[in-house]
Amino acid sequence: VLEPGMRSVQTFYHVQKLGKDIGLKRIFAVLNKVANSRQREVIEREIKDVPLLGCLSYNEGIAEADLMGKASFDNNELLISETKEIISTLRERLK
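Residues numbered from 1 in each chain as written. Predicted model: local features only at pLDDT ≥ 70, side-chain atom pairs only at ≥ 80, totals over all residues. Heavy atoms only, no water.

Asks: So what exactly am I meant to see when it comes to helix 1 (residues 6-21) here?
Replies: Quick reminder: α-helices carry 3.6 residues per turn. Residues three or four places apart thus point the same way. With 16 residues, helix 1 should reach 22 Å at 1.5 Å per residue; the first-to-last C-alpha distance of 23 Å fits that figure. Listing the buried residues of helix 1 in full gives Ser-8, Val-9, Phe-12, Gln-16 and Gly-19. Taken around the axis of helix 1, the buried residues stretch over an arc of 95°, which confines them to a single face. Exposed residues on helix 1 whose side chains face more than 90 degrees from its buried face are Arg-7, Gln-10, His-14, Lys-17, Leu-18 and Asp-21. Along its buried surface, helix 1 packs onto strand 1 (29-34) and helix 2 (37-46). (Helix = DSSP H or I, 4+ residues; strand = E, 2+ residues; numbered from the N terminus. Expected span 1.5 Å × (residues − 1). Buried < 20%, exposed > 50% of the residue type's maximum accessible area, 1.4 Å probe, protein only. Arc of directions from axis to C-beta. Contact = heavy atoms within 4.5 Å.)

Written out as structure tokens, the structure is:
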């Protein structure tokens, strides 16, 4: 899981290497807290060799739910929709 920023990309590549070192054959990426299409485009370009399963948009509802001690999926249709899309893409990639 990457956030929009080069430090996150660098961390991703370190974690990817660790995964390969322990024998993981397939590694996928998910973008988190994406505020706009430019952020997505830049990160996709940086991780071009890694399949991107999807993006989770920056979402104030998640922070508010956490603050209130509620589940982040409660009354958050955007998060539910994006998560279902990521799960669907992962299932397709694993066939």
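Asks: I tried to follow helix 4 (residues 77-93) on my own but got confused; where do I start?
Replies: Taking 1.5 Å per residue, 17 residues should reach 24 Å; helix 4 reaches 24 Å between its end C-alpha atoms and fits that length. Restricting attention to buried positions, one finds in helix 4 the residues Leu-79, Glu-82, Thr-83 and Ile-86. Projected onto a plane normal to the axis of helix 4, the buried residues spread over an arc of 100° and lie on a single side. For helix 4, the exposed residues lying more than 90 degrees away from the buried face are Glu-77, Lys-84, Glu-85, Arg-91 and Glu-92. Each element contacted by the buried residues of helix 4 is listed here: strand 1, strand 2 (52-57) and helix 3 (60-67).

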